[in-house]
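The lines below spell out each chain.
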Amino acid sequence: MSAVQRAHTWEISDSDDESDENKPSSSSGTILDQDTCRNESNTSAASSSSSAPVEDTNISGDGEKSSGRNSKSRSRRRRTREELQDEQEMRRAAKEKRRQEKEKLKEEKLQEQQRRKEAAVRVNQLKPENLIKSLTVQIHAALLQDAGCDVLLRTLDGLQWRNCIENQDLPNSIRWTRQALQIEDEATNGDIEEDQVLMVISHNEFEDMVTSHKTVTNQSAPIGDVYEGAESLLQHLYKYLTKTAGKFVTILVISHQQRAVSWDEDDFDFHLSQHHLDAEELLVHLQLYWNVTLNFLFGWQEVTDHVVAVTKALSKRPYKALCGDPDLGFCMDGSWSAGVRVDRDGHGLAQVWTRQIQQLNRVSPALAKAVTSAYPSPSLLLQAYEKLSSEEERRRLLADLAVVGGAKERRVGPELAGRIHRLLTSQNPHLLLD
């Protein structure tokens, strides 16, 4: 617009020459200028008109974007709070679960410790050296009439074993009781009576039992019944066994003469042959029908030794039962003394061979390993023996084998080499290897 206004204010010169020459040029210049100004104005207007709506659209677009971001951020914040709440709940649940598992493990550990402690206490209480302190040897008062009973009493007092004198259902008997342990059944109160019972009688009392049994058999009485007129210890024994089941009675017959070695010898305690036969008949009857055994001892010292042996056996029985005593007493649980497992492929035979050598007296694992390393099987060692010509060379074959282990060097030696040679080559089953 300024260019157009300037064009209208232009003034024309008075000179003719200039007017004639400049008319077309000025008019054309004016027209060009006007056209140029119009084009510029149109261009500026177009640009202004075109730029105006672009700015509007940009502003509106920015507003929409900002509003969208705000809405998204608000929605994202809402989800984050919910997720945080869920995460917090999940964390609380996981923490509670871990706490419960920890408490459970702690409780299981305490229970395991308690079980181990109770097992240790139980094993300690059932050990023979501790259990024997709770055993009481109960002696019938009638046995004190024999002066030889003092030997038994002095021995029990010397061993510091508990004993008492009291009347019992079975005359002339010795029985054992022990205190109930805390680890046993709570219903078991007071003392527990053992199933072993000894009945100590003299030679004359045994003859009375034989006579009583003979009287019953002559009258054809039922087995186990005793004639009423025959007042003997046999009648008391039958009554006791009938009333108390599960008892194992052993009759100890004391003879002041040297006892016979066996029943077949002629110098048996009874001098009369009929007494011998009657006594054998009584023995068979008591063993078959009443599970009663008889032992003939010489004097009270042997009776005392028998009582001591039974007492020690009773003190060891609960501990053996607790450990699960196997059929063979020397095969206890544990890898150090248990058998070796041999697979079908032969794995384990070398260890069996080592254990076999180790069974010999004074043979350490190192010595046995030295032998089995040189000869991995007994057959190889036997083949090596056969290759030697003299017996002396065979006995000394293993003597120079070096033993690995220990502070100083050592060898198997001729003594062990000879024992192993006798073990593998001897045909005498009763030969002592040591």
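Okay, so let's go over this structure. Keep in mind that what you see is a predicted model, and the values were worked out from it rather than measured.

## Considerations on the overall build of the protein chain
Looking only at helices and strands, the protein chain features 13 helices and eight strands. Taken across its 434 residues, the protein chain has 28% of its residues classed as buried. For the protein chain, long-range pairs separated by at least 24 residues make up 65% of all intrachain contacts whose partners lie at least 6 apart in sequence. As presented, the protein chain carries roughly 29600 Å² of accessible surface, and 50% of it is formed by carbon and sulfur atoms.

## Regarding the sheet that holds strand β3 (residues 173–179)
Across the sheet, six strands lie side by side as β2-β1-β3-β4-β5-β6; this open sheet has mixed pairing. One side of each edge strand has no neighbouring strand; the edge strands of this open sheet are β2 (162–165) and β6 (293–298). This sheet shows a mean twist of 25 degrees between the axes of neighbouring strands, independent of strand direction. As defined by bridge partners, strand β4 (residues 191–202) adjoins strand β5 (residues 248–255) across seven bridges and the pair is classed as parallel. In the strand pairing of β5, Ser-202 is matched with Ile-254. On the sheet, helix α5 (residues 203–218) packs against β4, β5 and β6 and is oriented at approximately 95 degrees with respect to β4.

## What to know about the packing of aromatic side chains
Following the criterion strictly, the structure yields two aromatic pairs and no others. With 5.4 Å between their ring centres and 90 degrees between their planes, Phe-206 and Phe-296 make a pair best called edge-to-face. Within this pair, whereas Phe-206 is found in helix α5, its partner Phe-296 is found in strand β6, the two being separated by 90 residues in sequence. On the basis of relative accessibility, which here comes to 0%, the residue Phe-206 falls in the buried class. The exposure class of Phe-296 is buried, given its relative accessible area of 14%. Both rings, one in Tyr-238 and one in Trp-290, keep their centres 4.9 Å apart while their planes meet at 25 degrees; by these two values the pair is stacked. In this pair, Tyr-238 sits in helix α6 (residues 233–243) while Trp-290 sits in helix α7 (residues 273–290), placing the two residues 52 residues apart along the sequence.

## Brief notes about a negative patch on the surface
A cluster of acidic residues, Glu-82, Glu-83, Asp-86, Glu-87 and Glu-89, forms a negative patch at the surface. You can see Glu-82 is positioned in helix α2 (residues 16–126).

## Observations regarding helix α13 (residues 414–425)
With 12 residues, α13 should reach 16 Å at 1.5 Å per residue; the first-to-last C-alpha distance of 16 Å fits that figure. What α13 keeps buried is the set Leu-416, Ala-417, Gly-418, Arg-419, Ile-420, His-421 and Leu-424. Those residues of α13 that are buried lie in contact with α9 (349–358), α10 (365–374), α11 (378–387) and α12 (391–395).

## Some thoughts on the packing of α9 against α10
Between two packed helices, both the angle of their axes relative to each other and the distance between the axes serve to describe the pair. Here α9 crosses α10 at 125 degrees, and the two axes come no closer than 9 Å. Taken as axis vectors, α9 and α10 run oblique relative to one another. Here α9 and α10 pass one another in a crossing that is right-handed. Of the residues in α10, those in contact with Trp-353, Thr-354, Ile-357 and Gln-358 of α9 are Pro-365, Ala-368, Lys-369 and Thr-372. Grouping the amino acids of the contact of α9 with α10 by side-chain chemistry returns four nonpolar, three polar and one charged.

## Comments concerning the packing of α5 against α6
Where α5 meets α6, the closest approach of the two axes is 8 Å, and the angle between their N-to-C directions is 75 degrees. On the basis of the axis angle, α5 is roughly perpendicular to α6. On α6, the residues touching Glu-205, Met-209, Ser-212 and His-213 of α5 are Leu-233, Leu-234, Leu-237 and Tyr-238. Classifying every residue of the contact of α5 with α6 by side-chain character gives five nonpolar, two polar and one charged.

## Side note on unusual backbone geometry
At Asn-291, a residue that is not glycine, the phi angle is positive and equals roughly 55 degrees. One can find Asn-291 in the loop between α7 and β6. In this structure, Arg-362 is a non-glycine residue whose phi angle is positive, near 60 degrees. The residue Arg-362 is located in the loop between α9 and α10 in this model.

About the criteria used
Starting afresh in each chain, residues are numbered from 1 along the sequence in its written order. Local features in a predicted model are, by the rule used here, given only for residues with pLDDT of at least 70; side-chain atom pairs are given and counted only at 80 or more, and totals for whole chains, interfaces and linings are based on all residues. The basis for the side-chain values is all heavy atoms of the structure; hydrogens and waters are excluded. Going along the chain from the N terminus, every DSSP run of H or I of four or more residues is numbered as a helix, and every run of E of two or more is numbered as a strand. Working definition: with a 1.4 Å probe on protein chains only, accessible area under 20% of the residue-type maximum means buried, over 50% means exposed, and in between means partly exposed. Should any heavy atoms of two residues lie within 4.5 Å, those residues are considered in contact. Surface accessibility follows the Shrake-Rupley procedure with a 1.4 Å probe radius. Residue values consider only the protein chains on display as shielding. Strand pairing is assigned whenever DSSP detects at least two bridges linking the two strands. Axis lines are fitted to C-alpha atoms, over the contacting stretch for helices. Their N-to-C directions set the angle, which ranges from 0 to 180 degrees. Here a Phe, Tyr or Trp ring, Trp counted by its six-membered ring, pairs with any other such ring whose centre lies within 6.5 Å, and the pair is stacked when the planes are under 30 degrees apart, edge-to-face when over 60, and tilted otherwise. To count toward a patch, a residue needs a relative accessible area above 30% and no salt bridge. Like charges then connect within 9 Å, nonpolar side chains (Val, Leu, Ile, Met, Phe, Trp, Tyr) within 5 Å. Throughout this description, the term salt bridge denotes a Lys or Arg side-chain nitrogen within 4 Å of a carboxyl oxygen of Asp or Glu. Two residue types count as positive, namely Lys and Arg, and two as negative, namely Asp and Glu; His and chain ends fall outside the count. Charge placement uses NZ in Lys and CZ in Arg. For Asp and Glu, CG and CD serve respectively. In a helix, the anticipated span is given by 1.5 Å times the number of residues less one. Small angles under 35 degrees read as roughly parallel and large ones over 145 as roughly antiparallel, with 65 to 115 read as roughly perpendicular and the rest as oblique. By convention, the crossing between two helices is left-handed when the near helix turns anticlockwise from the far helix through less than a right angle, and right-handed when the turn is clockwise. By the convention adopted, Pro, Cys, Tyr, Trp, Phe, Met, Ile, Leu, Val and Ala count as nonpolar, Lys, Arg, Asp and Glu as charged, and the other residues, Gly among them, as polar.

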